[in-house]
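Chain by chain, the residues:
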Amino acid sequence: MQQYIDTYDFAGKKAIVRVDFNVPLNEKMEITDDTRIRAAIPTLKKVLEKGGSLIIMSHLGRPKGVTEKFSLRHILGRVSELLGTTVKFAEDCMNADEQVAALKPGEALVLENLRFYAEETGKPRLAEDATDEEKKAAKAELKESQKKFVAKLASYADCYINDAFGTAHRAHASTALIAKYFPNDKMFGYVMEGEIKAIDHVLHTPEHPVTAIVGGAKVSSKIGIIEHLFDTVDNMIIGGGMVYTFVKAQGGKIGNSLCEDDQMDLALEILKKAEEKGVKMYLSKEVVIADDFSNDANTKICLNSEIPDNWEGMDAAPSTVTAWEEVLMASKTILWNGPVGVFEIPAFAKGTNRIAEILAKATENGAFTLVGGGDSVAAVTQMGFAKKVSYVSTGGGAMLEYLEGKELPGIAAIRE
Ligand code: AMP
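Presented here is an overview of the structure given in this document. (Residues numbered from 1 in each chain as written. Predicted model: local features only at pLDDT ≥ 70, side-chain atom pairs only at ≥ 80, totals over all residues. Heavy atoms only, no water.)

Here's the deal with the overall build of the protein
Scanning the protein from N- to C-terminus turns up 13 helices and 18 strands. What you see for the protein is a C-alpha radius of gyration of 23 Å, in line with the 22 Å of a compact globule of 416 residues. Intrachain contacts of the protein at a sequence separation of at least 6 include 72% that bridge at least 24 residues. Surface summary for the protein: the accessible area is close to 18,800 Å², and the carbon and sulfur share equals 49%. For the protein, the separation between the mean place of its 48 positive charges and that of its 60 negative charges on side chains is 4 Å. (Helix = DSSP H or I, 4+ residues; strand = E, 2+ residues; numbered from the N terminus. Rg over C-alpha atoms; globule rule 2.2 N^0.38 Å. Contact = heavy atoms within 4.5 Å. Areas by Shrake-Rupley, 256 points an atom, 1.4 Å probe, with all protein chains shown as cover. Lys, Arg positive; Asp, Glu negative; His and termini not counted. Charge placed at Lys NZ, Arg CZ, Asp CG, Glu CD.)

Next comes the structure, spelled out in structure tokens:
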């Protein structure tokens, strides 16, 4: 049975908490963005305040075995600082019995990077030229040792908290498999609770009109959310590189713009489905085009279907964003995933930045605004608007899959 962090009695108990401390580090192994650590602090503090002790576990990067560069040792100082107490460190997540036994209420221990063991993800580490038979045997062997890995982690604690939304779409040892050892003592942390609540609100209980802005490079990677959102939204704004697949499919001239030829039929189907469902579609109509994929390229503004040869669509033109603004300001719920232009290049970030601005304004006007996906989150953060929208999702892939209507293993494991 699922428990709740606010009502669970942690006194004298050891809680093993899966957090997402996968933070970026520079060459000196200094943290360059501690957002993810900060996000987990309320959950960790709550356990300590209620008289529990903490065994904190996470992954960092994608190591293939023990790698100093990916050691969680590098982040201990910051965790201690933010938690307001010295945290201990277990250099091997499979060999922490003594340190765990010595933990007193109010104390915290961080386990070394779980992914130093292939058992965490369950993906064997094989040579590239491994035969199919070797792959099969390694997988079966790893499956067995993964059971021991999970059992060992579980043996450290009395209860389990999952607060790592960013890995909730993975059925890994620490994100899903471990939950079954705590049938009556498993719960979400505050990050997970917040993410689930915000996305569930948009999907199931939004105030209408609801508008989704879906941007980014490819139709193929966003098709799942576009289709699933048709059941919820009144308006859908499509921006970014994926627009040109729609435009070409409708017979427009797109020059050198990004296009997935194999997705053109699907693009037409999406437009047809939108019509059937009564969803109004707003594709970037006028676009900023460039003669090169660079900041100092020559630029012009033209209709999305009249792009000359050797030019490519790079951003939504001001007139397009102004038209979208009207739709957005009339919306009560807005979901944004994906940039509406090549946002990494300053000359083509204007459309995306204006969307961030409009969302801040819409939030002030009373709309519920949810922003997710690496680039859109970067845009609102860089513009200083992260606190001016209703919710910023920290889980890129996890958020996408949740919006697609998929059951995430990390969520299901707590609920079932
Ligand atoms: P995604 O990860 O699918 O959300 O896509 C994000 C990427 O889409 C960013 O790297 C953007 O630069 C890229 N993108 C957005 N608009 C365009 C465009 N018009 N042409 C090429 N790439 C684009």
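A look at a positive patch on the surface
Taken together, the side chains of Arg 62, Lys 64, Lys 123, Arg 125, Lys 139, Lys 143 and Arg 170 present a region of like positive charge at the surface. Relative to the helices and strands, Arg 170 is located in the loop between β6 (159-162) and β7 (186-188). The exposure class assigned to Arg 170 is partly exposed, which follows from its relative accessible area of 36%. (Patch = residues over 30% accessible without salt bridge, like charges linked within 9 Å, V, L, I, M, F, W, Y side chains within 5 Å. Salt bridge = Lys/Arg side-chain N within 4 Å of Asp/Glu carboxyl O. Buried < 20%, exposed > 50% of the residue type's maximum accessible area, 1.4 Å probe, protein only.)

Points about the site of the ligand
With respect to spatial proximity, 15 residues lie near the ligand, and among them Lys 222, Gly 241, Gly 313, Gly 341 and Glu 344 are the closest. For the ligand, an oxygen atom lies 2.9 Å from a polar atom in the side chain of Lys 222. Contact between the ligand and Glu 344: an oxygen atom at 2.4 Å from a side-chain N or O atom of the residue. In isolation the ligand offers 510 Å² of accessible surface; the protein chains occlude 79% of this area. Among the secondary structure elements, those contributing two or more residues to the shell around the ligand are α6 (219-229) and β15 (312-316). Across the shell around the ligand, the residue classes tally to 6 nonpolar, 6 polar and 3 charged. (Near = heavy atom within 4 Å. Polar contact = N/O pair within 3.5 Å; in protein donor to acceptor, adjacent residues only side chain to side chain. Nonpolar A, V, L, I, M, F, W, Y, C, P; charged D, E, K, R; others polar.)

Regarding the environment of Asp 292
Inspection of the secondary structure puts Asp 292 in the loop between β12 (286-290) and β13 (299-303). Placed 97 residues apart in sequence, Asp 292 and Glu 195 show a C-alpha to C-alpha distance of 39 Å. Not counting chain neighbours up to four residues away, the residues in contact with Asp 292 comprise Ala 297, Glu 312 and Met 314.

Description of the nonpolar core
Membership of the largest hydrophobic core comes to 76 residues, with the highest contact counts inside it found for Ile 16, Leu 111, Leu 153, Phe 165, Ile 178 and Met 236. With 7 residues, helix α5 (residues 190-204) is the single largest residue contributor to this core. Every residue in contact with Ile 178, bar those within four places of it in the chain, is listed here: Ile 16, Met 57, Val 150, Leu 153, Ala 154, Tyr 160 and Ala 173. One finds Ile 5, Ala 40, Ile 41 and Leu 76 within the second-largest nonpolar core, a separate group that totals 31 residues. (Core = buried A, V, L, I, M, F, W, Y, C linked by side-chain atoms within 4.5 Å.)

Description of the pattern of salt bridges
Taken as a whole and judged by the stated rule, the model has 17 salt bridges. Of the charged contacts, one joins Glu 144 and Lys 147 as a salt bridge, the two residues approaching to 3.1 Å between their closest N and O atoms. Placement of the pair is Glu 144 and Lys 147 together in helix α4 (residues 132-155), with a separation of 3 residues, close to one helical turn. Looking at Lys 147, the relative accessible area reads 49%, which means it is partly exposed. A salt bridge links Lys 248 to Asp 261; the nearest nitrogen and oxygen atoms lie 2.9 Å apart. With Lys 248 in helix α7 (residues 243-249) and Asp 261 in the loop between β10 (253-254) and α8 (264-277), this residue pair connects regions lying 13 residues apart in the sequence. Exposure remark for Lys 248: the relative accessible area of 33% places this residue in the partly exposed category. Members of the salt-bridge network, linked through shared partners, are Asp 34, Arg 38 and Arg 78.

Observations regarding helix α10 (residues 350-364)
Taking 1.5 Å per residue, 15 residues should reach 21 Å; α10 reaches 21 Å between its end C-alpha atoms and fits that length. Along α10, the residues that are buried comprise Gly 351, Thr 352, Ile 355, Ala 356, Ile 358, Leu 359, Ala 360, Ala 362 and Thr 363. Directly beyond the C-terminal end of α10, a positive phi value near 105° is found at Gly 366. (Expected span 1.5 Å × (residues − 1).)

Observations regarding the side chain of His 172
Looking at the secondary structure, you find His 172 in the loop between β6 and β7. The residues contacting His 172, other than those within four sequence positions of it, are Arg 115, Glu 120, Thr 121 and Leu 177.

Some details on the sheet that holds β6
Judged by pairing direction, the sheet is parallel, and its 7 strands sit side by side in the order β1-β7-β6-β2-β3-β5-β4 without closing on themselves. Looking at the sheet topology across the chains shown, the edges are occupied by β1 (2-4) and β4 (87-90). Strand-to-strand twist across the sheet, computed as the mean angle between neighbouring axes with direction ignored, equals 30°. Strand direction decides the pairing type here: β4 and strand β5 (residues 108-111), joined by 4 bridges, are parallel. Across the sheet, residue Val 87 finds its bridge partner in β5, namely Ala 108. (Pairing = 2+ DSSP bridges. Axes fitted to C-alpha atoms, helices over the stretch in contact; angles between N-to-C directions.)

Regarding helix α1 (residues 35-49)
The first and last C-alpha atoms of α1 sit 22 Å apart over 15 residues, in line with the 21 Å expected at 1.5 Å per residue. At Ile 41, α1 shows its maximal bend, which comes to roughly 35°, and the proline Pro 42 appears one to four places after that position. When we look at burial in α1, the residues that qualify are Ile 37, Ala 40, Ile 41, Thr 43, Leu 44, Val 47 and Leu 48. Those residues of α1 hidden inside the fold are in contact with β2 (14-18), β3 (53-57), α2 (76-83), β6 and α5. After α1 finishes, the residue Gly 51 shows a positive phi value of roughly 85°. (Bend = angle between axes of the 7 residues up to and from the residue.)

Read these as geometric descriptors, not functional statements.
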